[in-house]
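One-letter residues, chain by chain:
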Amino acid sequence: MAKPGQSRLRRPRGRWSLVQLSPVILTVVIAGLAYSTPPDMAFSRILPAAPALAAAMWPVLPTVLLGTVCFLLMIGLSLVFPGLGAWYTVAGIVAVTVAAAYGSHVRLQREQSLFQVRLVADAAQMVVLSPMPRRFGGIEIESLYLAAAAEARIGGDFYEAVDTPYGVRLIIGDVRGKGLPAVGTAAAVVNAFREAAYDEPDLGGIARRLEASSSRYSAAFATEDLLESFTTAVLVEIPHDRCHIRILNCGHPPPLLLGREGLRVLSPTAPSPLLNLAGLIGDNYSIDTFDCAPDDQLLLYTDGVTEARDRGGQFFPLTDWMRRQQPPVRPRELLDGLHRDLLRYSSGGLDDDLAALAVRLRDAPDA
């Protein structure tokens, strides 16, 4: 999982764990057995395993030092037990230590390269997924992002929230595909939204700006067919009086609004074109207005949430899950519960990246 707003990636530091000390423990155990058992049992012959194990987790110098210790231990054994045939084992220790030192060097170079790549991914994450939480007057916003791959930092899901003269405006969306092309498209859409949200008086104008930015990016960088390169998104506007919500849905899963009177699915009355497809099917955008009340909880999400599957292949029942939540609930608590239940439902095996925004409408800002 990647949570925006956390500190940048750092190298692991601190005391060595028991696993990191295992080469030393192995050396002590082998030496103890070799000195305390009859020579014909020849436990000393497995001493080369210690520097080989060290190469998998230690830097070069400690690996060589451990190999030197094993070398000296074997020399001592040859003096205590003459005729042990220790010189073959000594030669093996020397050969394994040299190979282990080289292997440790190669591993460290690859770890350094991976560390730099993750730093770049962190920078990309900060561009596309801005830090949360946010508070705009009486509106509280929290975010959740989960990657399908355990080592992934970012994908094609994106979101943003800004406070404008027209009210608080939000976007959440999902770029078709994965990898760097999806990240590039997501960045283009988010950056366009950050500018258009302050300039355009209505959500339709914002959608047209996003359509133009997405189309330009696809024309310049994408190699896929136009029909296979699109983005779903939902735009939300919450005026400063917080008595209603305007939504423009471009083929995205509908938001959920949880209030004291129950759950409402905020589906569009008329479809709007997906981003990057308006040139083919027209740019007729439909904006819907929904009433809201204080302490209502708005949930925006990508299809990775609803398409999470259990072992039987059943989709995650998001609307039923949302109905079980008891308002008022804080956005962070809602998303933490969603995170926990999604991982439990899918047994930790998510098939797609997912993102969610939880928005709570308050009467007034907290003190």
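For the structure, check the block above.
Presented here is a report on the structure given in the accompanying data block. Just so it is clear, the structure is predicted and the values come from calculations on it, not from any experiment.

### Remarks on the overall build of the protein
Then step 1. Helix and strand counts for the protein stand at 10 helices and 11 strands.
Then step 2. For the protein, buried positions account for 47% of its 367 residues.
Then step 3. Element-wise, carbon and sulfur atoms account for 59% of the exposed surface of the protein, whose accessible area totals about 18000 Å².

### Notes on the packing of aromatic side chains
Then step 1. In total, this model carries 1 aromatic pair according to the counting rule given.
Then step 2. An angle of 80° between the planes, with centres 5.4 Å apart, marks the rings of F316 and Y345 as edge-to-face. One end of the pair, F316, is in the loop between α8 (303-306) and α9 (318-323); the other, Y345, is in helix α10 (residues 331-345), with 29 residues separating them in the sequence.

### Some remarks on the packing of helix α1 (residues 22-36) against helix α3 (residues 60-80)
Then step 1. Relative to each other, α1 and α3 sit at 5°, their axes nearing to 11 Å. In terms of orientation, α1 and α3 fall into the roughly parallel class. Each of P23, T27, A31, A34 and Y35 in α1 lies in contact with α3, whose residues at this interface are L66, C70, L73, G76, L77 and V80.
Then step 2. Across the contact of α1 with α3, the residue classes tally to 9 nonpolar, 2 polar and no charged.

### Brief notes about a nonpolar patch on the surface
Then step 1. A surface patch of nonpolar side chains, amounting to about 570 Å² of accessible area, comprises L18, L21, V24, I25, V28, V29 and L33.
Then step 2. Mapped onto the elements of the fold, I25 is located in helix α1.
Then step 3. For I25, a relative accessible area of 39% gives the class partly exposed.

### Digging into the sheet that holds strand β5 (residues 231-238)
Then step 1. One open sheet holds the 5 strands; their spatial order is β3-β4-β5-β6-β9, and the pairing between them is antiparallel. Each edge of the sheet is formed by a strand with only one pairing partner; in this case those strands are β3 (157-164) and β9 (287-291). Each adjacent strand pair in this sheet contributes to an overall mean axis angle of 15°, direction not counted.
Then step 2. Pairing between β5 and strand β6 (residues 244-250): 5 bridges, direction antiparallel. The residue bridging L235 from the neighbouring strand is L248, located in β6.

### With respect to the side chain of R107
Then step 1. Note on placement: R107 falls in helix α4 (residues 86-128).
Then step 2. Dropping the residues within four chain positions of it, R107 is found in contact with A55, A56, M57, W58 and P59.

### Here's the deal with the pattern of salt bridges
Then step 1. The final tally for this structure, using the stated rule, is 17 salt bridges.
Then step 2. Residues R246 and E237 are paired through a salt bridge, measuring 2.3 Å at the closest nitrogen-oxygen approach.
Then step 3. The class of R246 is partly exposed, set by a relative accessible area of 28%.
Then step 4. A salt bridge links R340 to D341; the shortest N-O distance between them is 3.9 Å.

### Overview of α1
Then step 1. The end-to-end C-alpha distance of α1, which contains 15 residues, comes to 21 Å, matching closely the 21 Å that a straight helix rising 1.5 Å per residue would cover.
Then step 2. Among all positions of α1, only P23, T27, I30, A31 and A34 are buried. Down the axis, α1 shows its buried residues gathered within 100° of arc, on one side only. Seen from the buried face of α1, the exposed residues on the opposite side, beyond 90 degrees, are V28 and S36.
Then step 3. Lining the buried residues of α1 we find α2 (49-54) and α3.

### Overview of the sheet that holds strand β2 (residues 139-146)
Then step 1. One open sheet holds the 6 strands; their spatial order is β1-β2-β11-β10-β7-β8, and the pairing between them is antiparallel. Pairing within the sheet leaves two strands with one partner each, and these edge strands are β1 (134-136) and β8 (262-265). For this sheet, the mean inter-axis angle between neighbouring strands, taken without regard to orientation, is 20°.
Then step 2. Sheet topology note: the strand β10 (residues 297-301)/strand β11 (residues 354-361) ladder contains 5 bridges and is antiparallel. Bridge assignment links L299 to a residue of β11, and that residue is A358.
Then step 3. Together, β2, β10 and β11 form the strand contacts of α10, whose direction differs from that of β2 by roughly 20°.

### Notes on the pairing of strand β4 (residues 167-175)
Every other side chain in a regular strand lies on the same face of the sheet, so the side chains alternate between the two faces.
Then step 1. Where burial is concerned, most of β4 is hidden: 9 out of the 9 residues are buried.
Then step 2. Alignment of β3 against β4, held across 8 bridges, turns out to be antiparallel. Residue Y159 lies in a different strand from β4, and its bridge partner there is I172.
Then step 3. Pairing of β4 with β5 involves 8 bridges; the strand directions are antiparallel. Looking across to β5, one finds that I172 is bridged to V234.

### A short note on the environment of A233
Then step 1. The topology assignment puts A233 in strand β5.
Then step 2. A233 sits in the buried class, given a relative accessible area of 2%.
Then step 3. Sequence separation between A233 and I172 is 61 residues; the distance between their C-alpha atoms is 5.6 Å.
Then step 4. Among residues more than four places away in sequence, those in contact with A233 are I171, I172, G173, L248, N249, C250, G251, H252 and L275.

### Focus: unusual backbone geometry
Then step 1. Unlike most non-glycine residues, N276 shows phi in positive territory, near 85°.
Then step 2. Looking at the element boundaries, N276 is found in the loop between β8 and α7 (278-281).
Then step 3. With phi around 75°, D295 is a residue other than glycine that occupies positive phi space.
Then step 4. Structurally, the position occupied by D295 is in the loop between β9 and β10.

The rules behind these values
- Residues numbered from 1 in each chain as written.
- Predicted model: local features only at pLDDT ≥ 70, side-chain atom pairs only at ≥ 80, totals over all residues.
- Heavy atoms only, no water.
- Helix = DSSP H or I, 4+ residues; strand = E, 2+ residues; numbered from the N terminus.
- Buried < 20%, exposed > 50% of the residue type's maximum accessible area, 1.4 Å probe, protein only.
- Areas by Shrake-Rupley, 256 points an atom, 1.4 Å probe, with all protein chains shown as cover.
- Phe/Tyr/Trp six-rings, centres within 6.5 Å; stacked < 30°, edge-to-face > 60°.
- Axes fitted to C-alpha atoms, helices over the stretch in contact; angles between N-to-C directions.
- Parallel < 35°, antiparallel > 145°, perpendicular 65-115°, else oblique.
- Contact = heavy atoms within 4.5 Å.
- Nonpolar A, V, L, I, M, F, W, Y, C, P; charged D, E, K, R; others polar.
- Patch = residues over 30% accessible without salt bridge, like charges linked within 9 Å, V, L, I, M, F, W, Y side chains within 5 Å.
- Salt bridge = Lys/Arg side-chain N within 4 Å of Asp/Glu carboxyl O.
- Pairing = 2+ DSSP bridges.
- Expected span 1.5 Å × (residues − 1).
- Arc of directions from axis to C-beta.

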